[in-house]
Amino acid sequence: MSRKLLALLTALLLLLTLATYVYYRRTLAAVPVDPYTLVPNDAVLVLTTQDHPTLVRRLQETGLWDNLTAMRYFQHSAGHLALADSLTGGTSRRRVGLLGLLGRKLVVTSVHITGPAVFDVLYQVPLTRVSEYRQVRGLLETLGRDPRYRLSTREYEDHEFSVLTERRSETSLTVLNYRNHLLISTNPALVEAAVRRVAHPKEPTVLTPFGTTDLLRVRGMDATLMVNYRRLPQFLDVLFRPEAHGQFDQLTGLVSEGLLGLKVAGGRVQLHGFSNPETAKGALQQRLLGQRAQPLGLTPILSTRTALLLHLAANPTRTWPRPTGAAAGTDSLGSGAALDSLRATFGGEMALAYLAAPAASSRPGRLALVQCPTPARTEQWLARLRRLNNNSPSFTKTGPYQVYAVGFAEGAVLGPLLNPAPPTATEARFGVMVGNYLVLSDQSTLNAYLADVVAGRTWAKSPAQIAFLQETLSRARLSILVDTRNSWNALLGVLTEERRAGLLRNEALFKRFPQMALQLVPADNEDAPDAQYFTQLLLRHPDLGPATAQSGGAAANGRVLTFTHQLMGVPTLLPALGTRIPAVVVQDSVGALHYVTADNAVLWSDTLAGPAVGVRLLPGGGGAPGGLLAGAGNRLHLLGNDGADLLPFPLYLPDTVRAAALLAGAATGPKDPARLLVVTAGNELLLLDAQGRQFPGWQPKRLDFPLAGLPAIFSVNNRDVVLVPLQNGYVYAYDQQGNLFPGFPLSMGARLAGGVLVQPGATLGRTRLTLVNQHGELIIFTLSGDIISRKRVATWSRTARFQLVPAQRGNTFVVTREDGNQLDAYSPSQSAPLFTQRFVTSGPKPVQFFDFGKGQQLVAVTEPGPDQAFLYDAEGRLLGGAPVPSTGSGVGLSYDATSDSYHLVRIVGRELRRTELKVAR
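Residues numbered from 1 in each chain as written. Predicted model: local features only at pLDDT ≥ 70, side-chain atom pairs only at ≥ 80, totals over all residues. Heavy atoms only, no water.

(A) Representation of the nonpolar core. Within the largest apolar cluster, 55 residues are counted, with the highest numbers of intra-cluster contacts made by Phe 346, Phe 408, Val 413, Leu 438 and Leu 478. Not counting chain neighbours up to four residues away, the residues in contact with Phe 408 comprise Leu 339, Leu 342, Leu 382, Leu 385, Val 413, Arg 429 and Leu 440. Within the second largest apolar cluster, 26 residues are counted, among which are Leu 355, Leu 369, Tyr 437 and Leu 446. (Core = buried A, V, L, I, M, F, W, Y, C linked by side-chain atoms within 4.5 Å. Buried < 20%, exposed > 50% of the residue type's maximum accessible area, 1.4 Å probe, protein only. Contact = heavy atoms within 4.5 Å.)

Pasting the structure below:
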């Protein structure tokens, strides 16, 4: 009887478990979780990212990725991930890395103030598959078994936290899986706050003030950033000493919260969006309500040494009706009334400018500026105030400008916002009229500033500053412009001790964008309930490449990048992470090599000693770095993400050697660097590796006859092979020491022209090599010196010229036959020509063959005279029915299977043109 009862209870338990699971799947799990309900409301910043491969690619293109990964925080995290990867067998092909785990998921990162001068971060990563949950769980358990870590669990309001602690530092990481949303933070209080937050799902979230606005849906946006301006002063306490930013905290009274879309492109980081006006009584927004945005009229009188400019479209008299801090500067003679009269001459533009400090220990010079529509009236009241305050009428002169002592502080006339730190009792204040602006400061700062103005060192005459201002908004209520190079010493002086050390460690990241601008523009109907500020934050790196982008229009059917100088050669296409659109490397007539990103922006430019040859990506290995390989003159370059050579490059060839071609071959073993084969202008070959080691017998090797086409370098059974076809009809095959393989040189029975198709095998005898001779015979032979087959492709004649054209990937080929002005192309599987084209001009015409697999093949023929390119598909049809303009010696082409289209890149004079070509079916 007891056994039957036990079985019944077991069945009931199983049914209850099944019912609970079904209920969970159909009720709780079926309802999607709003990720912002997991963000505690006290967040200062909330960053939302979605397309992480594209974001990483753009960060790499701008150079930010290298700067970010060099930070101590990222290096510390990378060390833990690398350890976990090694402990869990990171070489498994099925294992997904961090970037693969994030993919295109909606990841939310929030920053919170958790104590005096302390902030922490809360990460939120959704898990969409069981395998991802297992991967995270396995990672934690594996680290927990390592003696350097300790893994424990604890309960908090019916939720189980996993806590991973590093024993040496006792720092911990708290992890919670809430309905397949992973919450991670080094501060457990933030995870606890998220748990308390989800207990009230109907309460407003951090994004509730912006309704259904979703900036991630806007094309080209990489992320969104929510800013809680009300908590910014607390966040500034983390970075700066409180007395350094207290005077600027009033600016946060303009807006309460903002939502910005972030876009990284070329040398720019742009944030555009909206901010809600502050509604608190007495805030700065209430004082400025109704005052219109103003243009920046100060550019002709701002020094190029300006480190920070705070520009406010505000009339001091209207904004602060009563002078503040002026009691000390008034007396019974009526100077208070004179101050009121002086303020009545001011216009609607005021600013505070900090000048570059000569050292971190010195105080930066500060200027207070205010617009004066009628300068003569302003000068009259300044003179009256000098008489009333018994100030000396004497002045100093710099150029045409007269500097007088004034008997009041800046705050007496401009209000509390633009009042710099109170001057000492012995520090007199001075003023000068510069155009339509009154400038107030101490005497030494004014004299140095006026010397810059007289010498013409102003923003209006600086090309870099003009280009920067052209990208900012023309009118704004508030503009904060920063020059990070000029502000470096000043920042070191006002940062807290801990943050100063961090700034010095990350100097390259800070100075990556020397020009920054934050601007707020009020709505025209500011009184409307839904009125918002348009907000823009721009981080700008000056253009490195002399090129301007534009829409291609009908002529290009795509995008056009116009350079200063004529472009030359063949554009080289490189894969770009996270996008189907390739990056492009192109060279101009003055030797500058330009890297153009997938977003059609010039990332970097590097002037080489001659025409670039062998431009391609070289993977790292064997102790040698990976980068962009190129040869020019007597140097071999390996360029990094910033266009600079990676050590040990550049490699220097003998002074008498000029590289005419450069090829790269795979290493013979996993610990060996890649092989580099240089073809010199003197018909010589030089073999070395990517670490600069030369091989005996190749110093250099002189050929007895001109090359028929490019040689080939590859490896067979861990042996280097260099195959060299010569025009006299002989083929040579050399080993690493420069010795001939048995059976070589091998005669092809007629003269040769064109390339060689290499199909490496397990042994020398199984390696297949294919070429065509000038009798029109297609010949297949092996590295043992045996000819396997010989087949005639087309009719031979004395004037015909045959050439084998390997595909870009080197797996297939076509054969061309040129005779006069006629060119025929043959596929190896067909006896009839793939296409026949008659040209206006005679002479050799560059032919390229692109094979992307699954029948996606294109043949490109460039006619140099008329400067046009013909594109034929696998059926021999001319794409578009007509050639396209092209002044280069070839074109670049890629294929995207998802859109079933080609991406054509070509040179037309000074223009680099991109064109999308749909595949005809």
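(B) Focus on the pattern of salt bridges. Across all of its chains, the model carries 21 salt bridges by this definition. Taking the shortest distance from any N to any O, the salt bridge between Glu 192 and Arg 154 comes out at 2.8 Å. Of this pair, Glu 192 sits in helix 7 (residues 188-198) while Arg 154 sits in strand 4 (residues 149-156), and the two are 38 residues apart along the sequence. Taking the relative accessible area as the measure of exposure, Arg 154 reaches 30% and is therefore partly exposed. Here Arg 801 ties to Glu 818 by a salt bridge, and the two come within 3.9 Å at their closest N and O atoms. One end of the pair, Arg 801, is in strand 45 (residues 801-806); the other, Glu 818, is in strand 46 (residues 813-819), with 17 residues separating them in the sequence. Owing to a relative accessible area of 34%, Arg 801 belongs among the partly exposed residues under this scheme. Since its relative accessible area comes to 7%, Glu 818 is described here as buried. A network of salt bridges, in which partner residues are shared, links Arg 305, Asp 452 and Arg 457. (Salt bridge = Lys/Arg side-chain N within 4 Å of Asp/Glu carboxyl O. Helix = DSSP H or I, 4+ residues; strand = E, 2+ residues; numbered from the N terminus.)

(C) Representation of helix 15 (residues 443-454) in the model. Given a rise of 1.5 Å per residue, 12 residues ought to cover 16 Å, and the 16 Å separating the end C-alpha atoms of helix 15 matches this to within 8%. Turning to helix 15, its buried residues are Thr 445, Leu 446, Tyr 449, Leu 450, Asp 452 and Val 453. Burial along helix 15 is one-sided: seen end-on, the buried residues are contained in an arc of 155 degrees. Contact partners of the buried residues in helix 15: strand 13 (350-355), strand 14 (366-371), strand 15 (395-398), strand 16 (401-406), strand 17 (429-434) and strand 18 (437-441). Positive backbone phi, at 80 degrees, marks Gly 456, one or two positions downstream of helix 15. (Expected span 1.5 Å × (residues − 1). Arc of directions from axis to C-beta.)

(D) Quick peek at the packing of aromatic side chains. Enumeration over the complete set of coordinates arrives at 12 aromatic pairs. Judged by centre distance (5.6 Å) and plane angle (80 degrees), the ring pair of Trp 698 and Tyr 734 falls under edge-to-face. Pair noted here: Trp 698 is in the loop between strand 35 (684-689) and strand 36 (701-702) and Tyr 734 is in strand 39 (residues 730-734), with a separation of 36 residues, a long-range link. As far as the burial class goes, Trp 698 and Tyr 734 line up, both buried. Ring geometry for Tyr 895 and Tyr 902: centres 5.2 Å apart, planes at 50 degrees, overall tilted. Judged by its relative accessible area of 4%, Tyr 902 is buried. Through successive ring pairs, a cluster of aromatic residues spans Phe 850, Phe 852, Tyr 895 and Tyr 902. (Phe/Tyr/Trp six-rings, centres within 6.5 Å; stacked < 30°, edge-to-face > 60°.)

(E) View of helix 6 (residues 130-145). With 16 residues, helix 6 should cover 22 Å at 1.5 Å per step; its first-to-last C-alpha distance of 22 Å lies within 8% of that length. Among the residues of helix 6, those classed as buried are Glu 132, Val 136, Leu 140, Thr 142 and Leu 143. What you see down the axis of helix 6 is that its buried residues fit within an arc of 165 degrees, all on one side. Exposed residues pointing more than 90 degrees away from the buried face of helix 6 are listed as Val 130, Arg 134 and Arg 145.

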